[in-house]
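An overview of the molecular structure
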Amino acid sequence: MNDEHSVSGRRDRVGPAAVGRARAFARRRVPPRRAGAEERAPDGATAVVVGGGLGGIAAATVLAERGVRVTVLEREAFLGGRAGAWSDRLGDGTPFEMERGFHAFFRQYYNLRALLRRVDPDLSFLVRLRDYPLLGPGGARESFADLARLPLLNVADLVRRTESLGLSDLPRVGVRSALAMLAFEPDRTYARWDGTSAAQYLDGLRFPPRARQMLFDVFSHSFFNPEDDLSAAELLMSFHFYFMGNPEGLVFDVMNDPFSVALWDPMRRYLEGLGVAFRMASPVERVEPGARHEVVLEGGERIASDAVVLAVTVPALRAIVQASPALGDATWRRNVGSLAVTRPFAVWRLWLDRPCAPERAVFAGTAGLGLIDNISVYDRFEGESRRWAERTGGSVVELHAYAIPEGPDDESIRRDLLSALHALYPETREARMLEDRWLVHDDCPSFAPGSRRARPGVETPTAGVALAGDFVRTEIPCALMERATTTGFQAASSLLARWGVREEPLWSVPPRGLLSALPL
């Protein structure tokens with residue numbers, strides 16, 4: 001995407017007037033919150049960024065570019081957080097980079113892409129996918145390729161082509177609930193829907209079971225939260241951000257090499273060139289605020305700075321705040337304490353002795369097939385996996401399960417995932433597993449019904465301390481990697497304001513839905 005967004009190359013099957021309307025609905029620059037004329041912070045300004053994931057690196061980037069001397073403290077031995085990668089070896093000694101799962105770079109991730117352009121101006125490490133199929137029971141399949149991008153037209157296009165929702169089903173659809181997807185307005189939507197669960201909202205749509213399964217279950221699971229424990233307002237915001245208000249389409253890009261190779265190694269070099277110091281394997285215990293804040297590492301080492309960004313996971317933030325009695329005020333500390341994580345997710349990467357069929361998609365979402373949520377054929381897009389497959393004649397496949405319910409143990413989950421793979425990709429039934437890696441994590445944020453009001457934002461009651469991460473409240477519609485990056489930029493801008501330094505520009509999809517004037 002160029003700096004000036006263009007829609008002229010789209011295939012929307014609409015005329016010039018519609019293209020003009022699409023331009024009006026394209027990305028928007030978010031108005032600055034503060035005036036700031038200075039380009040750089042004063043000499044000697046310092047900041048500590050706790051956490052080397054996307055939120056922390058986004059904050060460190062803006063601070064360092066504005067002249068702040070930044071130290072990044074990361075508890076792991078690698079950068080990236082949930083989008084990180086670390087070195088490992090196969091049984092035969094072959095080195096590879098392991099990750100915590102497949103990541104989709106949607107094309108409306110404007111702020112994330114602005115961060116990526118620091119190290120790859122042309123975004124040459126992103127591969128543009130042609131489709132994002134959804135696979136379901138009995139051969140059910142949905143495709144998002146070449147959907148119209150204009151609001152309403154994209155909905156009509158999807159309804160026209162889907163096999164899970166017929167014209168005879170439309171009179172039974174809950175009109176008020178359906179219109180709420182097109183009427184997103186941040187304040188009103190959260191006030192009306194945050195106390196309702198996504199499951200209750202979807203019940204109100206009265207979609208046929210198969211349509212709900214294929215069109216909505218996959219979508220809600222992509223945020224790791226089960227429908228019963230997900231705020232309907234968060235679901236509606238996500239519908240707006242990814243589909244209803246998204247002028248870029250639902251198909252996304254993927255990275256053509258491991259994150260460490262394509263992103264984090266170059267990003268670290270870029271930031272070190274700006275004077276950023278990285279302290280890896282350095283977990284933080286607490287923050288002691290004062291005229292200069294002191295960040296205390298486990299083991300007792302202290303680092304003083306003018307500003308601090310806490311860009312860590314929910315469990316880590318809760319632990320740091322609990323150990324930092326002078327940080328924030330009582331209400332803010334109580335709100336941080338109320339943050340929770342959702343159910344665990346599993347990532348299983350398999351090295352197989354034969355290829356997947358050539359018609360298999362790079363990435364496929366799944367619904368109604370047990371615990372499995374998606375299948376990624378890594379050797380179709382990632383250079384490292386492709387080279388291994390070319391050398392061995394095999395394939396590298398990754399299976400994911402999100403929002404895993406209580407009960408099944410690891411072996412049961414693996415059996416379920418493998419059974420689904422064999423059913424969907426029958427050529428893998430006879431494949432021999434040469435190697436595998438199994439990961440289970442439970443650090444993704446919960447967006448439970450009613451949690452919005454207490455969710456902390458970027459700014460904290462302690463001057464010079466800010467938060468960043470995909471769990472942080474922001475008024476800009478965004479989620480996942482884009483929310484982490486956006487709040488990282490916002491955290492840096494908030495801290496730079498004390499020196500009168502200009503904000504980092506932010507971009508967004510239109511902040512409100514096409515029908516936001518309706519009282520829904």
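What counts and what doesn't
Residues numbered from 1 in each chain as written. Predicted model: local features only at pLDDT ≥ 70, side-chain atom pairs only at ≥ 80, totals over all residues. Heavy atoms only, no water. 1 Å grid on protein atoms, 1.4 Å probe; cavity = no way out; pocket = protein on both sides within 12 Å on 5 of 7 lines; lining within 4 Å. Points joined across faces, edges and corners; volume = space filled by probe spheres on them. Helix = DSSP H or I, 4+ residues; strand = E, 2+ residues; numbered from the N terminus. Nonpolar A, V, L, I, M, F, W, Y, C, P; charged D, E, K, R; others polar. Polar contact = N/O pair within 3.5 Å; in protein donor to acceptor, adjacent residues only side chain to side chain. Contact = heavy atoms within 4.5 Å. Pairing = 2+ DSSP bridges. Buried < 20%, exposed > 50% of the residue type's maximum accessible area, 1.4 Å probe, protein only. Phe/Tyr/Trp six-rings, centres within 6.5 Å; stacked < 30°, edge-to-face > 60°. Lys NZ or Arg CZ within 6 Å of the ring centre and 35° of its normal.

Moving on, we get to the layout of surface pockets. Taken as a whole, the second largest pocket spans an internal volume of roughly 840 Å³. Arg33, Thr474, Glu475, Ile476 and Gln490 are the residues nearest the centre of the second largest pocket, which is lined by 39 residues in total. Within the residue set of the lining of the second largest pocket, elements represented by two or more residues are strand 1 (28–29), helix 6 (186–193), helix 12 (330–338) and helix 15 (480–496). Per-class residue counts for the lining of the second largest pocket are 15 nonpolar, nine polar and 15 charged.

The next subject is the side chain of Thr94. Its place among the elements puts Thr94 in the loop between strand 4 (85–89) and strand 5 (95–99). A polar side-chain atom of Thr94 sits 2.8 Å from a polar atom in the side chain of Asp92. At a separation of 3.3 Å, a polar atom in the side chain of Thr94 contacts the side chain of Arg391. Setting aside chain neighbours within four positions, we find Thr94 in contact with Asp88, Arg89 and Arg391.

With that settled, consider the sheet that holds strand 18 (residues 374–377). With mixed pairing, the seven strands of this open sheet are ordered in space as 9-8-17-18-19-16-20. Looking at strand neighbours, the two that pair on one side only are strand 9 (141–142) and strand 20 (433–441), the edges of this open sheet. Where strand 18 and strand 19 (residues 395–401) come together, four bridges link them in antiparallel fashion. Paired with Ile375 across the strands is Leu399, a residue of strand 19.

Bringing the environment of Val48 into the picture now. Checked against the element boundaries, Val48 lands in strand 2 (residues 46–50). By relative accessible area, which is 1% here, Val48 ends up buried. Sequence spacing of Val48 and Ile303 is 255 residues, and the spatial spacing of their C-alpha atoms is 8.0 Å. Excluding residues within four positions of it along the chain, Val48 makes contact with Thr71, Leu73, Val295, Ile303, Ser305, Ala307, Val308 and Val309.

Attention now moves to the pairing of strand 19. Burial within strand 19 is extensive, with seven of its seven residues counted as buried. Neither face of strand 19 is left uncovered, since the one carrying Ser395, Val397, Leu399 and Ala401 and the one carrying Val396, Glu398 and His400 both have all their residues buried. Relative to strand 19, strand 16 (residues 345–352) is paired through seven bridges, and the arrangement is antiparallel. Paired with Leu350 across the bridge in strand 19 is Val397.

One pass over the full model with this rule turns up 25 aromatic pairs. Centre to centre, the rings of Tyr132 and Phe144 are 5.5 Å apart; their planes meet at 50 degrees, and the pair counts as tilted. Here Tyr132, found in the loop between strand 7 (126–128) and strand 8 (134–135), pairs with Phe144, found in the loop between strand 9 and helix 4 (153–161); they are twelve residues apart in sequence, far enough to count as distant. For the pair Tyr132 and Phe144, a shared accessibility class is recorded, and that class is buried. Through a chain of ring-to-ring contacts, three or more aromatic side chains come together here, namely Phe102, Phe106, Tyr109, Tyr132, Phe144, Phe223, Phe241, Tyr242, Phe252, Phe363, Tyr378 and Phe381. The side chain of Arg349 reaches across the aromatic face of Tyr378, ending 4.2 Å from its centre. Sitting over the face of the ring of Trp499, Arg498 holds its NZ or CZ atom 5.5 Å from the ring centroid.

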